[in-house]
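# Close look at the chain arrangement
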Amino acid sequence: MAMNRILKKQVSSIKPGTLIKGKFKGNTYLINGKLGEGAIGAVYLCQANRQVAALKISENQTSMSLEVNVLKSLEQVRGNRLGPALLDVDDWTAPNGRTFYFYVMEYVKGETVRDFFQKHGTSWLGPFMIQLLEDLEKLHQEGWVFGDLKTENLIVRSAPPRIRWVDVGGMTQIGRSIKEYTDFYDRGYWGLGSRRAEPSYDLFSFAIIFLEIFYPNRFPRPEKNRKKYIYQRIDQVKALKPYAPVLKKAISGKYQTSTEMKRELKQVLLLLRQRNNPRNPEENDGSGFKEAFWIFIISAFSFLLSFMI
Amino acid sequence: MKTGTLRQILLITDGCSNHGEDPAATAALAYQQGIAVNVIGILDHDETEESSGLQEVEDIALSGGGVSQLVYSEALSQTVQMVTKQAVNQTLQGFVNKELKQILGENHRLEDLDPEKRGEIIEVVEDLGETSDLEVVILVDTSASMHHKLHMVKEALIDLSISLNARIGKNRFAIYSFPGKRKSIQKVLDWTPKLESVSSVFPKITSGGITPTGPAIREAMYQFGKKSLLRSFRHGNESDIEETGF
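Residues numbered from 1 in each chain as written. Chains lettered and ligands numbered in written order. Predicted model: local features only at pLDDT ≥ 70, side-chain atom pairs only at ≥ 80, totals over all residues. Heavy atoms only, no water.

### Observations regarding the interface of chain A and chain B
Where interface size is given, it is often the accessible area lost as the parts come together that is meant. Between chain A and chain B, the residue contacts involve 29 residues of the former and 32 residues of the latter. Note on chain A versus chain B: buried area summed over both sides is about 2800 Å², and carbon and sulfur give 41% of it. Salt-bridge contacts for Lys25 of chain A lead to Glu116 of chain B; the nearest nitrogen and oxygen are separated by 3.7 Å. Here chain A and chain B share 14 residue pairs in polar contact (both at pLDDT 80 or more) between them. For the side of chain A that touches chain B, the secondary structure elements donating two or more residues are helix 1 (2-11), helix 2 (61-75) and strand 5 (86-93) of chain A. (Contact = heavy atoms within 4.5 Å. Buried area = accessible area lost by both parts, 1.4 Å probe. Salt bridge = Lys/Arg side-chain N within 4 Å of Asp/Glu carboxyl O. Polar contact = N/O pair within 3.5 Å; in protein donor to acceptor, adjacent residues only side chain to side chain. Helix = DSSP H or I, 4+ residues; strand = E, 2+ residues; numbered from the N terminus.)

Structure follows, in structure tokens:
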């Protein structure tokens, strides 16, 4: 498909100053510069009636139509901003006669997750996990799975910091096969689950995202014992220590819903907060001691019981 | 439109057939039988995408009504899965375009509809792609030059199985390698819904010598007939096939 490659290059090299005019509706957009590039097309910053917007353009008609369909169904979810607002959909006939497919959406400004953590350290890990899980929870409740959940598809908006996803290209209805994925974040690639769209599919990618922050060069996939290998990668990161049990459960597909995972994560955050600023240290220690005492009693009892049987 | 069975041949080769009939011709023959022929051409690191030997890859897919893609072996898994998905969509869109022509007249294609209406139709195509039953004969070139690539091919096929088995529709695969012993193709794995079992049976050594791509496609085509349990999508429609081509 030599032709496909040439077209792709065209799509990713539209020069600033190019005027894109819709074939059906006639709206015009002035290209300001490129924001990013993915498997399906390229996203540009553009000017539309004094308003700044993001324009995604591609030669892939099917994928573009499906993305627009997703954005439209997300808009019907009242009060939930689960995706960028869709502003326009049209075709563009380039000067060379080729047809391209584009849609215009709200421009979401922010910095990359990696830049953010480099600047602000790891104290935002917990809040971001909760924010992302809350969004996933809403999305899953609407019957969708994000699919291609990865670091590149997330940005952090500032004041106050809020993590948000930007590309909805992989969103798939629950029960179908995942539309788009990236190996490293895909449980199928790791041999740890199917590519069927289920909430647990996203939760696996979620765990990988927070792991990848500490492994910017990623890590290879071993031939065997892959789950254990990922567990070890988690255990080696000090900053992830409090979250390790939750992340491991996500990796092994133990959470059926994002709500379950959020609940356990909130408990972790609560414990962390108590540990960091104990208002009443004696009481805390006391309860910790009490807990340890009971655990001791129960394990001793079960130990005895196993002997009796 | 009724959900039927889509029939696809997936040829994985590094190009350069050198024995028997022209592979593009046998691919055209398969297409006339309602079987799309898709080709993945594996590049060596010293090869560029413009290498002449690989022109064949594109030609076969063009006459076979399928999709083709050139790729370095490291990216094989993603490509195999993507090409298969595109192949299914392309076949289905061919049917849809034909229906559109019948409803709206000869000069109407999907591209001529405004994006809103188009979106609805593409959603239907996507639905069909997800729910149709799928039969794939995978044809692996095991001539000498493929030797160090077979490991990647095996990985890619297991990965394909993971992707396709997440679909709602049923899948059946069969794997053949070529050249075979005294035959054009050699059965590696008989019709099965799961490809995971390929790990144990996949050829580790190449069979050397000739590359009879054309005869191999012809043989692969007959494998569909051997188990004519499921109705073909094109059942009883053979006369219209020319119209579907694009």
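What follows picks up the thread again.
### Structural notes on the packing of helix 3 (residues 76-104) of chain B against helix 5 (residues 150-164) of chain B
Residues and elements named next belong to chain B. The geometry of helix 3 relative to helix 5 is characterised by a closest axis approach of 8 Å and an angle of 45° between their N-to-C directions. When the axes of helix 3 and helix 5 are compared, the pair comes out oblique. As for how helix 3 packs across helix 5, the hand of that crossing is right-handed. Touching Leu76, Ser77, Val80, Gln81 and Thr84 of helix 3 are Met152, Val153, Glu155, Ala156, Asp159, Leu160, Ser163 and Leu164, all from helix 5. Residues belonging to the contact of helix 3 with helix 5 are distributed by class as follows: seven nonpolar, four polar and two charged. (Axes fitted to C-alpha atoms, helices over the stretch in contact; angles between N-to-C directions. Parallel < 35°, antiparallel > 145°, perpendicular 65-115°, else oblique. Left-handed = near helix turned anticlockwise from the far one by under 90°. Nonpolar A, V, L, I, M, F, W, Y, C, P; charged D, E, K, R; others polar.)

### Let's talk about empty space enclosed by the protein
Scanning all chains against the criterion turns up three cavities of 30 Å³ or more. For the largest cavity, the lining is made up of 16 residues, of which Ser177 of chain A together with Lys85, Glu130, Leu164 and Arg167 of chain B are closest to its centre. For the lining of the largest cavity, the secondary-structure elements that each account for two or more residues are helix 3, helix 4 (115-131) and helix 5 of chain B. Along the lines of polarity and charge, the residues of the lining of the largest cavity split into six nonpolar, five polar and five charged. Size it by volume and the second largest cavity reaches roughly 120 Å³. (1 Å grid on protein atoms, 1.4 Å probe; cavity = no way out; pocket = protein on both sides within 12 Å on 5 of 7 lines; lining within 4 Å. Points joined across faces, edges and corners; volume = space filled by probe spheres on them.)

### So, the domain arrangement of chain A
Residues and elements named next belong to chain A. Partitioning chain A into domains gives domain 1 (2-106) and domain 2 (111-276). Computed from C-alpha coordinates alone, the two centres of domain 1 and domain 2 are separated by 28 Å. Every contact between the two is made by 14 residues of domain 1 and, on the other side, 14 residues of domain 2. Interface of domain 1 and domain 2: buried area, both sides summed, is about 1200 Å²; carbon and sulfur atoms make up 63% of it. Contact with domain 2 buries area across many residues of domain 1, yet Val70, Leu74 and Leu82 alone supply 39% of it, more than any other trio. At the junction of domain 1 with domain 2, the criterion picks out one salt bridge. We note a salt bridge from Lys56 to Asp167, for which the minimum N-O separation is 3.7 Å. Where domain 1 touches domain 2, the interface holds one residue pair in polar contact (both at pLDDT 80 or more). (Domains from an automatic or database assignment.)

### Brief notes about helix 7 (residues 244-251) of chain A
Residues and elements named next belong to chain A. Counting buried residues along helix 7, six of its eight residues qualify, which places the element largely inside the surrounding structure. All buried positions along helix 7 are accounted for by Ala244, Val246, Leu247, Lys248, Ala250 and Ile251. As for helix 7, its buried residues are in contact with helix 4 (125-141), helix 5 (199-212), helix 6 (226-235) and helix 8 (258-276). Downstream of helix 7 by a residue or two, Gly253 has a phi angle that is positive, lying close to 70°. (Buried < 20%, exposed > 50% of the residue type's maximum accessible area, 1.4 Å probe, protein only.)

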